[in-house]
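Single-letter residue listing:
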Number of protein chains: 2
Amino acid sequence: MRLANRIVVPAMVTRLAGEDGRVTDELRARYLRFAKGRPGLIVIEAMSVHGGKSGPLLRLSADEFIADQADLVQRMKDLAPELKVVPQIIHFLKIARSGWRQKPADLSHADIRAIVAQYGAAAERARRCGYDGVELHMAHAYTVSSFLSRLNQRPDEYGRSLENRMRLMTEILVEVRARAGADFPVGVRYDGEECIKNGYTLQDSRLIAVRIAQLGAAWISISAGGKFEDAVAKPGVPIYPYTGYSGDRCMPPASYPDGANLYLAEGIKAHLVAEGWTTPVVATGKIRTPELAESVLQSGQADLVGMARAMLADPDWAVKVASGRADHLVRCVYGNVCKNLDENFRKVVCYLWPKGALNAPESSDAAPPSWKHDGVLHGRESAGRIHLTWDEATDAEGVYGYEIYRADGGAEFDHVTSVKGTSFVDKGVVGGVAYRYFVRAYDYAGNRSARSSELGIVLAPFSAASLPRTEGA
Amino acid sequence: MRLANRIVVPAMVTRLAGEDGRVTDELRARYLRFAKGRPGLIVIEAMSVHGGKSGPLLRLSADEFIADQADLVQRMKDLAPELKVVPQIIHFLKIARSGWRQKPADLSHADIRAIVAQYGAAAERARRCGYDGVELHMAHAYTVSSFLSRLNQRPDEYGRSLENRMRLMTEILVEVRARAGADFPVGVRYDGEECIKNGYTLQDSRLIAVRIAQLGAAWISISAGGKFEDAVAKPGVPIYPYTGYSGDRCMPPASYPDGANLYLAEGIKAHLVAEGWTTPVVATGKIRTPELAESVLQSGQADLVGMARAMLADPDWAVKVASGRADHLVRCVYGNVCKNLDENFRKVVCYLWPKGALNAPESSDAAPPSWKHDGVLHGRESAGRIHLTWDEATDAEGVYGYEIYRADGGAEFDHVTSVKGTSFVDKGVVGGVAYRYFVRAYDYAGNRSARSSELGIVLAPFSAASLPRTEGA
């Protein structure tokens, strides 16, 4: 499989499929929107190999699902001929509102044989749909990941030792390659680290990567966490595996630094290279800037860069960066509104999009927004935070939002976050450091207004004198 | 403060102090043993500033504790004149067997004033003891860390914003420097990342480091996790903050790669440098080999290397490495027996030490152990694991244990772990990779026997043919 570029849209749940597992108009529109942005590879959201009921989730569990998806692939290719498209296929264990959930040890050998066969049959169908390959979902809280888990203490040949924990994964990969054909590219997405107590870490995930490479996978995509074990239970609702710490690690929110999970892809890639394998590795997890993406590739930390939330915020990421218009990117703020919508069984959209929109807006408008008055930025300190307000901007097609930029001390300006309104409270500041701010408005096409006025502000610096007097002990 | 080398023994609980907070013979012996190993800096285990009852925990909460500790410092210096010694001082909130625990929001302003004053008074006492400085414990599940936490939503000026969350830490640092004198070196140990859901990450810890530097700290020591929020409750026992995922991150067990938390010290150091601060940073967390320690220093990831468990296993780490006898190191296996002993309110010793020993053995024996027979290593595969057995070794002073070395594929031999007996089951192996093993016996002085015979073994490689046949779906 030859990609036009090294940007990957990883599988992202949309909740736009039909309850019957079919492609809907809304789902089709979402993927055509991604296709227009010309990434190298789009992984269509996880679809079940076994057809278990699970709300609006795509299925590839029977031949009846082929026609719809063949049509979707064809339309995406018509729009972007160089684009490669693969589905992610998944098997998941049963969960109940009572809190009960099925575990690896509950499966009989016949159950396991059926799962292996279902993966194989779904991969074969993926090929018949016209997909360029298939990605096997072996990450997070689902079946294969639960077998890979260091917590899998199944007493038979599918549990305890690493080799046994990898057996289901191995059997599936072998079956998929046999059924879909050795020339059909098969990728695997799995956790570089479970991020739970007694879970596996890079020590094991490096070895799992070797096995995946041994079995001839075409790519290895690294995720993290997203497990049931530390999920926060809500009474009466099936447990959702992204609500605990491992859920944060899976989709690092704004409180995490960029590239928070990069060390995982890096450690796995380095081990593969040391063992003589060239299988390409996809890094994901809060990668958003072209600078970071480029550095990941140049330094050899990974071979491909996956961006889920950044692509949801701006599906044109790849085409804008490739055409020298990185300054027109709509930047994800990692507020995880998308994650929360999924968690609450609602259609997944981006907080930054205009109200009611099911996709990122498209516009060829070239005129940037302008400030209604003179773009003055005001600020004040209160309770250790900096409160900013600014003038409204105006634009022919509509103002999309405002970007807040901050320079700490003598450093360069950096994008802090984006908001829709004309005020922002910055909680990530320390007294004694000189901060400078400016704000820019941007429109649907990503055109930026002139900078607002620049504001310098120093929170009360701490010194012995400024502190309340303490009595001696 | 000028150190003889960049090796730090971080504060480690021993449970060897008296219930009355006094220095016991056993505790004194432990620290004299550390002193003999000639690290640059020893941080004596956390001692309370407030004298709350908490089992065998040292105290510096009143003048009556000065004499004992002055004597301890003097003895350590007599033994190792270049050594620097500081105490770590701690305040902790109340916990009850019922599961209740005091939280930041429960403290009145008078309580907070008292804590600040207690820290100041304890630091002044540290100076009177003859310590070279003092380290403030602001990590893990304790009072200041709980204020620093992103979960601290106290509604007044001590909660919510980062500046407010840092207020208690700031007041304590100012008070300590005022009371102990500006020329008395004060270090701070805190979490680079909380490692809990909604906890802070490098984004905040970089800024906390700036505040610590602003206040003139002499060093910044980086830990991680160790929080109450994800601790595993045991009925009828006060909750122990190292039992959850964040506890693993605090003291990474064998399942973690070496240097698992290095990225934290590295990120903090880089931010300090960018902001113009030269405050030295101590990195900790499963650093055990001289190669890794040297690389941390050479690459500028940190200025000092802290090793707790590695020093417990071999207090002579620094002196052996400095004298070119790194091949005599007794290597920690990160089985966390020491951690479990603390968790179960028992005296903390190392699993590797001879049965009943309260300290690592000392020996000037120069004769290495020898194999009783011809040192043959046997191995077989079972259930995806490699089972090794070997001949017994013999030594004039006693065999301490056996080291297992493994080479994966074409790579170099690496120390896997050490055991006391003559067998080992390796679970961290994958089929299809060629492994080679050898074993060495070592004695109390760290002399190694000749290598056992070398054993090559390949777990059944996975191929389609070797797998059970799957029926079509």
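Residues numbered from 1 in each chain as written. Chains lettered and ligands numbered in written order. Predicted model: local features only at pLDDT ≥ 70, side-chain atom pairs only at ≥ 80, totals over all residues. Heavy atoms only, no water.

> Tell me about helix α1 (residues 25-36) of chain B, and name the residues and values.
Residue and element names in this part refer to chain B. Compared with the 16 Å implied by 1.5 Å per residue over twelve residues, the 16 Å span of α1 between its first and last C-alpha is a close match. Buried residues of α1: L27, R28, R30, Y31, L32, R33, F34 and A35, and no others. Against β1 (7-9), β2 (41-48), α2 (66-79) and α11 (309-313) lie the buried residues of α1. R38 sits one or two positions beyond α1 and adopts a positive phi of about 55°. (Helix = DSSP H or I, 4+ residues; strand = E, 2+ residues; numbered from the N terminus. Expected span 1.5 Å × (residues − 1). Buried < 20%, exposed > 50% of the residue type's maximum accessible area, 1.4 Å probe, protein only. Contact = heavy atoms within 4.5 Å.)

> If you had to explain the confidence of the model for chain A to someone new, which residues and values would you point to?
All names here are of chain A. Taken over all residues, the pLDDT of chain A has a mean of 94, while the share at 70 or more is 97%. The model gives residues 464-473 a pLDDT under 50, and that stretch makes 21 contacts with residues more than four places away or in other chains. Under the prediction, the complex receives an ipTM of 0.92, its pTM being 0.94. (pLDDT = per-residue confidence, 0-100.)

> Report on the pattern of salt bridges, specifying residues and quantitative values.
Residues and elements named next belong to chain A. Evaluation of the coordinates by the stated rule reveals 64 salt bridges over all chains. One salt bridge connects E124 with R179, and the closest N-O pair in it is separated by 2.7 Å. Pair noted here: E124 is in helix α3 (residues 109-129) and R179 is in helix α6 (residues 167-180), with a separation of 55 residues, a long-range link. Exposure remark for R179: the relative accessible area of 27% places this residue in the partly exposed category. In this structure, E403 and R448 form a salt bridge, with 2.4 Å as the shortest nitrogen-oxygen distance. With E403 in strand β13 (residues 399-408) and R448 in the loop between β16 (434-443) and β17 (455-458), this pair connects stretches of sequence that are 45 residues apart. For the pair E403 and R448, a shared accessibility class is recorded, and that class is buried. Linked by salt bridges that have partners in common, D25, R28, D71 and R75 make up one network. (Salt bridge = Lys/Arg side-chain N within 4 Å of Asp/Glu carboxyl O.)

> How would you summarise unusual backbone geometry if you had to cite specific residues and measurements?
Residues and elements named next belong to chain A. Even without being glycine, R38 reaches a positive phi, approximately 55°. What makes R38 partly exposed here is its relative accessible area of 42%. One non-glycine residue, Y334, lies in positive phi territory at about 55°. When you line up the elements, Y334 lands in the loop between α12 (317-322) and α13 (337-343).

> For helix α7 (residues 202-214) of chain A, give the residues involved together with the corresponding values.
Residues and elements named next belong to chain A. The end-to-end C-alpha separation of α7 is 18 Å, in line with the 18 Å expected for 13 residues at 1.5 Å each. Across the 13 residues that make up α7, a large majority, ten, are buried. Residues of α7 that are buried include every one of L202, D204, S205, L207, I208, A209, V210, R211, I212 and A213, and no others. The inward-facing, buried residues of α7 contact α4 (143-148), α5 (162-165), α6, β5 (186-191), β6 (219-223) and α9 (262-274).

> Account for the sheet that holds strand β13 (residues 399-408) of chain B, naming residues and giving values.
Residues and elements named next belong to chain B. Taken together, the four strands give an open sheet; going across it, the order is β14-β13-β16-β17, and neighbouring strands pair in antiparallel fashion. Of all the strands in the sheet, the pair left with one neighbour each is β14 (414-419) and β17 (455-458). Averaged over neighbouring strand pairs, the angle between their axes works out to 30° when direction is ignored. Bridge count between β13 and strand β16 (residues 434-443): nine bridges; the pairing is antiparallel. Paired with V399 across the strands is D443, a residue of β16. (Pairing = 2+ DSSP bridges. Axes fitted to C-alpha atoms, helices over the stretch in contact; angles between N-to-C directions.)

> Run through the nonpolar core, naming residues and quoting values.
Counting 258 residues, the largest nonpolar core has L136(A), Y190(A), L136(B) and Y190(B) as the members making the most contacts within it. Not counting residues within four places of it along the chain, the set of residues in contact with L136(A) comprises I89(A), Y119(A), I172(A), L173(A), V176(A), V186(A), G187(A), V188(A) and R189(A). (Core = buried A, V, L, I, M, F, W, Y, C linked by side-chain atoms within 4.5 Å.)

> Describe the interface of chain A and chain B, naming the residues involved and giving the relevant values.
At the interface, 64 residues of chain A touch 64 residues of chain B. Note on chain A versus chain B: buried area summed over both sides is about 5,000 Å², and carbon and sulfur give 57% of it. The interface formed by chain A and chain B includes two salt bridges. Between K197(B) and D248(A) there is a salt bridge; the shortest N-O distance is 3.2 Å. There are 18 residue pairs in polar contact (both at pLDDT 80 or more) connecting chain A and chain B. Among the elements of the structure, α3, α5, α6, α7 and α8 (245-250) of chain A are those that each provide at least two residues to the side of chain A that touches chain B. When residues of the side of chain A that touches chain B are assigned to their parent elements, the largest contribution, seven residues, is made by α7(A). Split into classes, the residues belonging to the side of chain A that touches chain B amount to 25 nonpolar, 17 polar and 22 charged. (Buried area = accessible area lost by both parts, 1.4 Å probe. Polar contact = N/O pair within 3.5 Å; in protein donor to acceptor, adjacent residues only side chain to side chain. Nonpolar A, V, L, I, M, F, W, Y, C, P; charged D, E, K, R; others polar.)

> Tell me about the packing of α6(A) against α7(A), and please be specific about residues and values.
Residues and elements named next belong to chain A. At a minimum axis distance of 10 Å, the contact between α6 and α7 shows a crossing angle of 20°. Between α6 and α7, the angle falls in the class roughly parallel. With respect to the hand of their crossing, α6 and α7 are arranged in right-handed fashion. Between α6, through M169, T170 and L173, and α7, the contact on the second element is made entirely by I208, R211 and I212. Split by residue class, the contact of α6 with α7 holds four nonpolar, one polar and one charged. (Parallel < 35°, antiparallel > 145°, perpendicular 65-115°, else oblique. Left-handed = near helix turned anticlockwise from the far one by under 90°.)

> For the pairing of strand β11 (residues 385-390) of chain B, give the residues involved together with the corresponding values.
Two faces make up the sheet, and in a regular strand the side chains alternate between them. Residue and element names in this part refer to chain B. In the sheet, strand β10 (residues 377-382) pairs with β11 via six bridges, with the strands oriented antiparallel. Following the sheet pairing, L377 is matched in β11 by W390. Taken together, β10 and the strand that follows it, β11, pair antiparallel across an intervening segment of two residues, in which A383 is found at a positive phi of about 50°. As judged from the four bridges shared by β11 and strand β15 (residues 423-426), these two strands associate in the antiparallel manner. Looking at β15, one finds that T389 is bridged to S423.

> Tell me what's going on with the packing of α3(A) against α6(A), and back it up with residues and numbers.
Residue and element names in this part refer to chain A. Two elements in contact, α3 and α6, have axes separated by 8 Å at closest approach and are oriented at 35°. As for the relative orientation of α3 and α6, their crossing is right-handed in sense. Mapping the contact onto sequence places I112, R113, I115, V116, A117, Y119, G120, A121, A123, E124 and R127 in α3 and L168, E171, I172, E175, V176, R179 and A180 in α6. Its residues placed into classes, the contact of α3 with α6 shows eleven nonpolar, one polar and six charged.

> Any details on the side chain of H271(A)? Residues and values, ideally.
Residue and element names in this part refer to chain A. With respect to the element layout, H271 can be found in helix α9. With a relative accessible area of 15%, H271 lands in the buried category. Those residues within four positions of H271 in sequence are excluded, and the remaining contacts are R206, L207 and V210.

> So what about the relation of the copies chain A and chain B? Which residues, and what values?
Aligned on chain B, chain A shows an RMSD of 0.0 Å; the corresponding rotation is 180° and the shift along the axis is 0.0 Å. On this basis, the relationship between the two copies can be described by a two-fold rotation axis. Same-surface contact between copies: 100% of interface residues of chain A are shared with the interface of chain B. (Least-squares fit on C-alpha atoms with pLDDT ≥ 70 in both.)

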